[in-house]
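The residues making up each chain are set out below.
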Amino acid sequence: MKKKIVFSGIQPTGLLTIGNYIGALSQWKKLQKKYFCIYCIADLHALTIYQKENVLNKNILDTLSVCLASGIDPKKNIIFIQSHVSQHTQLNWILNCFTNFGVLKRMTQFKKKIHLNKNINAGLFSYPILMAADILLYQTYKVPVGKDQIQHIELVRDIAYRFNKTYGKKIFTIPKKKLHENYGSCIMSLLSPMTKMSKSDDNKNNIITLFDSDLTIRKKIQHAVTDSDNPPNIKFDLKNKPGISNLLIILSNITEISIQKLEYYFYKKNYHDLKEFIIFNLCFFLKKFRKKFFLYRKNETLLKSIIINGAQKAEKYAKSTLKKVHNIIGLNIK
Ligand code: TYM
């Protein structure tokens, strides 16, 4: 039986965080066992902010190496660069014409970005339509993402549904979102655990990047918000103890020890004990990760062959879907 398709993407912008790893990449790795996975480095999405040529190229190869170091196997699956498969931008235009203006205006990420950005370009607005093209080109069954992408995936479903309904034929598979199962779909900021940990945060003390040194990790975790319970109480409670809960989620996901077992282990211990355990485990985990990363990163011949191969394989799927779309809308005169 043909395996169902999983598709997801990641932007090659700056240093990725432990949130990107837990919420997305760790899921990507797990899903390879059961599904045929297609993962894309979304370089076109990264253009909504100004990019310098040599920086973007470097970031693309860095992000590919991060994916490989996270355990994505390019032999069994496809990993490719979005701009290398031209069908993404072609389908993007067609889907523009099937997307409601008012719905786009209501996208929370867009509303947040226009407050933060000086460069409010049209790309920021139509960003989720390119995501729709990415996902729908591959007849995707599941899309592993973090919580911040839920609204975009709902929009993609709407676009696919509207297109199929208009033409009375199932041209696109309606995709489903796939969120992390161990509370990892929204890793929060260290200093304000009610907001998402984000690589674009100006205050870098809020985030743990995959490349932070041991000393930096120590400082950031030591300052991470807990609470003022007396006696200290290491208990998972997202509503009343967001700081402690966020730390337990991070710890549980990098050690693969359940939150329940961690609560038991830290019963009657204090926040300092918890933080020291997190520092030790994060440093250990990221050291191992970086060792793998640098092995891939220094082998640009391998990286480039993975990229070329990935684009060739992805294009076969993309072409087949785009042909169906062209046929049904009447763009098929030969
Ligand atoms: P991006 O590059 O911002 O993030 C990549 C993935 O990481 C997840 N993520 C998090 N998960 C948990 N906690 C966090 N703090 C956290 N921060 C980020 C994101 O939810 C995402 O899954 N537009 C997308 C890239 C994209 C895409 C696609 C995704 C392009 N095309 C098609 C899915 C399908 C983005 O900017 O992700």
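Residues numbered from 1 in each chain as written. Predicted model: local features only at pLDDT ≥ 70, side-chain atom pairs only at ≥ 80, totals over all residues. Heavy atoms only, no water.

Peer 1: Would you mind showing me how to read the site of the ligand here?
Peer 2: Within the structure, the ligand sits among 27 residues, and Gln-11, Tyr-127, Asp-134, Gly-146 and Asp-148 are positioned closest to it. Gly-19 places a polar main-chain atom, nitrogen or oxygen, 3.3 Å from a nitrogen atom of the ligand. Interatomic distance of 2.7 Å between a side-chain N/O atom of Asp-134 and a nitrogen atom of the ligand. Contact with the protein chains removes 97% of the 720 Å² of surface that the ligand exposes when unbound. Residue assignment for the shell around the ligand shows that the elements contributing at least two residues are β1 (5–10), α1 (18–31) and α6 (122–136). Considering only residue class, the shell around the ligand consists of 12 nonpolar, 11 polar and 4 charged. (Near = heavy atom within 4 Å. Polar contact = N/O pair within 3.5 Å; in protein donor to acceptor, adjacent residues only side chain to side chain. Areas by Shrake-Rupley, 256 points an atom, 1.4 Å probe, with all protein chains shown as cover. Helix = DSSP H or I, 4+ residues; strand = E, 2+ residues; numbered from the N terminus. Nonpolar A, V, L, I, M, F, W, Y, C, P; charged D, E, K, R; others polar.)

Peer 1: Explain the packing of α6 against helix α7 (residues 150–167) to me, please; I cannot follow it from the model alone.
Peer 2: Any two packed helices are characterised by the angle at which their axes cross and by the distance between the axes. At a minimum axis separation of 9 Å, α6 and α7 run at an interaxial angle of 65 degrees. Put simply, α6 runs roughly perpendicular to α7. Between α6 and α7 lies a crossing of right-handed hand. Here Tyr-127, Pro-128, Met-131, Ala-132, Ile-135 and Leu-136 of α6 lie close against α7, whose contacting residues are His-152, Ile-153, Leu-155, Val-156, Ile-159 and Ala-160. Grouping the constituent residues of the contact of α6 with α7 by class yields 11 nonpolar, 1 polar and no charged. (Axes fitted to C-alpha atoms, helices over the stretch in contact; angles between N-to-C directions. Parallel < 35°, antiparallel > 145°, perpendicular 65-115°, else oblique. Left-handed = near helix turned anticlockwise from the far one by under 90°. Contact = heavy atoms within 4.5 Å.)

Peer 1: I tried to follow the domain arrangement of the protein chain on my own but got confused; where do I start?
Peer 2: A common way to state how big an interface is: give the accessible area lost once the parts meet. Split by domain assignment, the protein chain resolves into domain 1 (5–186 + 299–329) and domain 2 (204–294). A straight line from the C-alpha centre of domain 1 to that of domain 2 covers 30 Å. Taken together, the contacts link 15 residues of domain 1 with 19 residues of domain 2. Across the domain 1 to domain 2 interface the summed buried area is about 1,500 Å²; carbon plus sulfur atoms make up 74%. Linking domain 1 with domain 2 are 0 salt bridges, by the criterion used here. Contributing elements (two or more residues each) for the side of domain 1 that touches domain 2: α1 and α2 (53–69). It is α2 that provides the largest number of residues to the side of domain 1 that touches domain 2, a total of 4 residues. For the side of domain 1 that touches domain 2, the per-class residue count stands at 8 nonpolar, 6 polar and 1 charged. (Domains from an automatic or database assignment. Buried area = accessible area lost by both parts, 1.4 Å probe. Salt bridge = Lys/Arg side-chain N within 4 Å of Asp/Glu carboxyl O.)

Peer 1: Where do I start with α2 in this structure?
Peer 2: Since the α-helix packs 3.6 residues into each turn, any two residues three or four apart lie on the same face. Between its first and last C-alpha, α2 extends 24 Å over 17 residues, near the 24 Å set by a 1.5 Å rise per residue. With 12 of 17 residues buried, α2 is to be regarded as a mostly interior element. Among all positions of α2, only Leu-56, Asn-59, Ile-60, Leu-61, Asp-62, Thr-63, Leu-64, Ser-65, Val-66, Cys-67, Leu-68 and Ala-69 are buried. In the core, the buried residues of α2 are packed alongside β1, α1, β2 (36–41), β3 (78–81), α11 (271–297) and α12 (300–329). In the stretch just after α2, Gly-71 is the one whose phi turns positive, near 105 degrees. (Expected span 1.5 Å × (residues − 1). Buried < 20%, exposed > 50% of the residue type's maximum accessible area, 1.4 Å probe, protein only.)

Peer 1: It is not clear to me how the nonpolar core should be interpreted in this structure. Could you clarify?
Peer 2: The tendency in soluble globular proteins is for nonpolar side chains to be buried side by side. Membership of the largest hydrophobic core comes to 61 residues, with the highest contact counts inside it found for Ile-18 and Leu-282. Tallying contributions element by element places α11 first for this core, with 10 residues. Composition of this core by domain shows at least three residues from each of domain 1 (5–186 + 299–329) and domain 2 (204–294). (Core = buried A, V, L, I, M, F, W, Y, C linked by side-chain atoms within 4.5 Å.)

Peer 1: What should I look at first to understand the pattern of salt bridges in this one?
Peer 2: Opposite charge on two side chains lets them pair, provided their charged atoms get close. Taken as a whole, this structure holds 14 salt bridges when the rule is applied. Between Glu-300 and Arg-297 there is a salt bridge, and its shortest N-O distance comes to 3.0 Å. Look at Arg-297 and you get buried, because its relative accessible area is 15%.

Peer 1: Honestly, the side chain of Thr-17 in this entry has me stumped. Any pointers?
Peer 2: Along the chain, the position of Thr-17 falls in the loop between β1 and α1. Assessed through its relative accessible area of 1%, Thr-17 is described here as buried. Polar contacts involving the side chain of Thr-17 include one to the main-chain amide nitrogen of Gly-19, which spans 3.0 Å. Discounting residues that sit within four places of it in the chain, Thr-17 has contacts with Met-197, Ser-198, Lys-199, Ile-207, Ile-208, Thr-209 and Leu-210.

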